[in-house]
Amino acid sequence: MSLPAPTADNRAVVTGASQGIGTALAEELARRGYSLILVARRKELLTDLAVRLGDRYGVTAEVRAVDLSDREERGPLSAELAERDIAILCNNAGVATFGPVAKLDPAYERAVVELNSVAVHDLTLSVLPGMLARRAGGILITGSVAGNMAVPNNATYAATKAFTNSFSESLRGELGGTGVNVTLLAPGPVRTTNPDQEDVGTKIPEFVWVSAAHTAKLSIDSLARNKMRVVPGLISKGMSVAGQYAPRALTAPVVGAVYKRMGGL
Ligand SMILES: NC(=O)c1ccc[n+]([C@@H]2O[C@H](COP(=O)([O-])OP(=O)(O)OC[C@H]3O[C@@H](n4cnc5c(N)ncnc54)[C@H](OP(=O)(O)O)[C@@H]3O)[C@@H](O)[C@H]2O)c1
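Residues numbered from 1 in each chain as written. Predicted model: local features only at pLDDT ≥ 70, side-chain atom pairs only at ≥ 80, totals over all residues. Heavy atoms only, no water.

In this section: the UniProt feature "domain: Ketoreductase" (unreviewed entry) in the protein. When the UniProt feature table is mapped onto this chain numbering, "domain: Ketoreductase" (unreviewed entry) sits at residues 12–193. Between the C-alpha atoms that bound residues 12–193 there is a distance of 23 Å. The span itself is 49% helix and 19% strand. (UniProt positions renumbered as here; feature names shortened; annotations may be inferred. Helix = DSSP H or I, 4+ residues; strand = E, 2+ residues; numbered from the N terminus.)

Below, the structure is given as structure tokens:
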């Protein structure tokens with residue numbers, strides 16, 4: 001049930017490692033001795049992180065600057081991960097848009113689906129055969145509390161996160177006894193250094209936020225125990241339960257109004 005021990009050859013992969021929760025996950029894994037493959041688009045940030053983690057924890061950190069929403073760019077990474085000894089995959093990269101879908105850029109909305117859902121599915125399928133053959137591995141999938149609800153003014157994001165939430169928990173149900181752990185991280189608001197959060201942040205009370213470092217530690221602890229779902233923070237746990245069990249016809253207008261404010265609409 002526990003995770004494969006770190007070795008010189010195996011790797012923990014973190015997508016979206018250049019900032020936010022992904023950086024915190026990479027640091028948490030390095031602290032536990034895992035060598036890493038860091039994935040995102042901004043190569044300089046990944047390289048700086050790789051150097052910092054190498055110096056601080058003595059691990060190897062490889063950088064893959066890849067746009068995961070681009071199938072052609074993603075292909076070689078998927079193929080590489082299928083061949084490597086991947087101990088842990090953290091499918092974490094994701095972005096959100098706010099506002100009515102009809103008013104948003106259709107090309108970008110399609111890219112959000114590709115990044116938040118299709119790439120998660122793709123990379124998971126790449127590492128799964130190797131993990132099953134080794135009878136060891138851990139897959140963390142970052143979904144969201146938004147994936148439990150209907151969220152007007154955040155429709156593409158919420159739908160992609162419904163996919164990740166469902167895929168993670170369904171896959172875990174198929175892998176009992178195989179040695180491969182799967183955990184869904186389904187957070188509410190997590191404070192990061194992303195400048196886009198500054199505007200949203202003023203519309204969400206401070207006590208609702210949890211830190212990225214706390215989220216990362218809880219996530220890897222939960223993955224090691226093969227927990228089905230981790231939701232950091234008491235308020236977010238409440239949001240998670242309400243999202244899953246309250247009637248959508250009642251919650252959708254309320255949640256939609258909140259997201260309208262968050263998007264500055
Ligand atoms: N923070 C929250 O409150 C919160 C709440 C619920 C769920 N989540 C989920 O948690 C995950 C991380 O969120 P975060 O707040 O840490 O996000 P963030 O600070 O915006 O960071 C997003 C990460 O994804 C990478 N990324 C974005 N587009 C990409 C692309 N096309 N290809 C490859 N990498 C890409 C970014 O790197 P580059 O720009 O360098 O590519 C960055 O490293 C996401 O899946 C998000 O939906 C976050």
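Having seen the model, we can carry on.
It is the rolling of a water-molecule-sized probe over the atoms that shows where space remains empty. Here the structure, examined in full by the defined rule, presents one cavity of 30 Å³ or more. Along its surface, the largest cavity is lined by T15, L68, N91, A93, L115, A119, V120 and L123. When residues of the lining of the largest cavity are assigned to their parent elements, the largest contribution, four residues, is made by helix α4 (residues 106–134). (1 Å grid on protein atoms, 1.4 Å probe; cavity = no way out; pocket = protein on both sides within 12 Å on 5 of 7 lines; lining within 4 Å. Points joined across faces, edges and corners; volume = space filled by probe spheres on them.)

Take the packing of helix α1 (residues 20–31) against helix α7 (residues 212–224) next. Two elements in contact, α1 and α7, have axes whose closest approach is 8 Å; the angle formed by their N-to-C orientations is 55°. If you check the angle between α1 and α7, you find them oblique. Two packed elements cross with a definite hand, and for α1 against α7 that hand is right-handed. Seen from α1, the contacting residues are G20, I21, A24, L25, E28, L29 and R31; seen from α7, they are A212, A213, T215, A216, K217, S219 and I220. (Axes fitted to C-alpha atoms, helices over the stretch in contact; angles between N-to-C directions. Parallel < 35°, antiparallel > 145°, perpendicular 65-115°, else oblique. Left-handed = near helix turned anticlockwise from the far one by under 90°. Contact = heavy atoms within 4.5 Å.)

Before going further, it helps to spend a moment on unusual backbone geometry. Backbone geometry places R135, a non-glycine residue, at a positive phi of 55°. Along the chain, the position of R135 falls in the loop between α4 and β5 (137–142). Positioned with a positive phi, N153 is a non-glycine residue whose angle comes to about 75°. Relative to the assigned elements, N153 resides in the loop between β5 and α5 (155–174). N153 sits in the buried class, given a relative accessible area of 15%. (Buried < 20%, exposed > 50% of the residue type's maximum accessible area, 1.4 Å probe, protein only.)

Glancing now at the site of the ligand. Every one of the 30 residues lining the ligand counts as a neighbour, but S18, I21, R41, R42 and Y157 are closest to it. Contact between the ligand and S18: an oxygen atom at 2.8 Å from a side-chain N or O atom of the residue. In the environment of the ligand, an oxygen atom lies 2.7 Å from a nitrogen or oxygen atom belonging to the side chain of R41. Isolated, the ligand exposes 880 Å² of accessible area, and the fraction of that covered by the protein chains is 91%. Looking at the shell around the ligand, its residues break down into twelve nonpolar, 14 polar and four charged. (Near = heavy atom within 4 Å. Polar contact = N/O pair within 3.5 Å; in protein donor to acceptor, adjacent residues only side chain to side chain. Areas by Shrake-Rupley, 256 points an atom, 1.4 Å probe, with all protein chains shown as cover. Nonpolar A, V, L, I, M, F, W, Y, C, P; charged D, E, K, R; others polar.)

Right, let's talk about the pattern of salt bridges for a bit. With the rule as written, the count across this model stands at 17 salt bridges. Residue R11 is joined to E62 by a salt bridge in which the shortest nitrogen-to-oxygen separation is 2.7 Å. In this pair, R11 sits in strand β1 (residues 11–15) while E62 sits in strand β3 (residues 61–65), placing the two residues 51 residues apart along the sequence. Residues R11 and E62 agree in their burial class; the two are buried. (Salt bridge = Lys/Arg side-chain N within 4 Å of Asp/Glu carboxyl O.)

With six of six residues buried, strand β4 (residues 86–91) is to be regarded as a mostly interior element. In terms of strand pairing, β1 meets β4 through four bridges, oriented parallel. When the sheet's bridge partners are listed, R11 is paired in β4 with I86. Of the pairings in the sheet, the one linking β4 to β5 comprises four bridges and is parallel in character. Bridged to I88 within β5 is G138. A crossover links β4 with its parallel partner β5, the connecting element being α4, and its sense is right-handed. (Pairing = 2+ DSSP bridges. Right-handed = clockwise from strand over helix to strand, strands pointing away.)

Turning our eyes to something else, we now look at helix α9 (residues 248–262). In this model α9 runs 20 Å from its N-terminal to its C-terminal C-alpha over 15 residues, within 8% of the 21 Å that 1.5 Å per residue would give. Buried within α9 are the following residues: T251, A252, V255, G256, Y259 and M262. Buried residues along α9 cover an arc of 130° about the axis, so they all sit on one side. Facing away from the buried side of α9 by over 90 degrees, the exposed positions are L250, P253, V254 and R261. (Expected span 1.5 Å × (residues − 1). Arc of directions from axis to C-beta.)

As summarised here, the arrangement of the seven strands in space is β3-β2-β1-β4-β5-β6-β9, forming an open sheet in which the pairing is parallel. Of all the strands in the sheet, the pair left with one neighbour each is β3 and β9 (229–230). Here strand β2 (residues 36–40) runs beside β3; their pairing, made up of five bridges, is parallel. Note on β3: the bridge partner recorded for I37 is E62. Against the sheet, α4 makes contact with β1, β4, β5 and β6 (180–185), and its axis sits at roughly 160° relative to β4, the strand it touches most.

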